[in-house]
Every structure is written in C-alpha cells, then in structure tokens.
Amino acid sequence: MAKLRIGILSLIGIYLLGFVIVFDPLSLPCRTRSTWIGPKLRFDSAYVDIGSVLEYEKRPTFGYQFFSPLCRGWLAVQGLE
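Residues numbered from 1 in each chain as written. Predicted model: local features only at pLDDT ≥ 70, side-chain atom pairs only at ≥ 80, totals over all residues. Heavy atoms only, no water.

1. Considerations on the packing of aromatic side chains
- Scanning all chains against the criterion turns up 10 aromatic pairs.
- Taking the centre distance of 5.1 Å and the plane angle of 55 degrees together, the rings of Phe23 and Tyr64 count as tilted. Here Tyr64 lies in helix α2 (residues 62-66) and Phe23 lies in strand β1 (residues 23-24), a separation of 41 residues in the sequence. Exposure class is identical for Phe23 and Tyr64. Each is buried. (Phe/Tyr/Trp six-rings, centres within 6.5 Å; stacked < 30°, edge-to-face > 60°. Helix = DSSP H or I, 4+ residues; strand = E, 2+ residues; numbered from the N terminus. Buried < 20%, exposed > 50% of the residue type's maximum accessible area, 1.4 Å probe, protein only.)

Shown next, in the form of structure tokens:
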C-alpha cells in the first residue's frame, strides 16, 4: 500500500513539474479569440501582446490539452475562469 501511495504521489509530482517546465506560471494570461487557455508556453513565440493579456495566434497545442486541469486551475487563481 505504501508503494502505491509513493507511486501516485510521484506521478502527481512529475505532472506538476512538467507543467512548470512547459509553461511560465508567472506570465500574463493567454487567450485565443474565443476563450482563455492558460499561461504562456515557454518555447512558443506565437503570442501577441494585446495589453494586459497575450493572444495566442495558433490553435491551442497539445500542451494546453494535456495540462488542461492545471491551466484551468491557474486561470481560476488569476480570476479568469
């Protein structure tokens, strides 16, 4: 039972670490033309600064889909969701 708990906590930790590696949690909020998507991806330059937010010029990528629970939580903390 303890090994299962350690395994689950390890997976959660890896998921959170992946979010911090892929996204910049201290960035401005990002949106597409129709919806909020989350923080800025670290290794993507398809953003336009439109004031106090960034607009993502492409369709949301796999990163936004895979980390959607954390992106929604990040938006909630920012008061946008």
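2. A word on the state of the cysteines
- All told, the structure shown has zero disulfides when counted by the stated rule.
- Cysteine Cys30 remains unbridged, with the sulfur of Cys71 as its closest cysteine sulfur at 9.2 Å.
- The exposure class of Cys30 is buried, given its relative accessible area of 0%.
- Under the relative-accessibility criterion, Cys71 is labelled buried at 2%. (Disulfide = S-S within 2.5 Å.)

3. Some remarks on the nonpolar core
- One finds Phe23, Tyr47, Tyr56 and Tyr64 to be the most contacted residues of the largest nonpolar core, which totals 14 residues.
- Among the elements of the structure, β6 (54-56) and α3 (68-78) are those that each provide at least two residues to this core.
- In terms of residues, this core owes the most to one element, α3, which gives three residues.
- Residue contacts for Tyr64: discarding those within four places in its chain leaves Phe23, Cys30, Ile37, Gly38, Pro39, Lys40, Leu41, Tyr47, Tyr56 and Cys71. (Core = buried A, V, L, I, M, F, W, Y, C linked by side-chain atoms within 4.5 Å. Contact = heavy atoms within 4.5 Å.)

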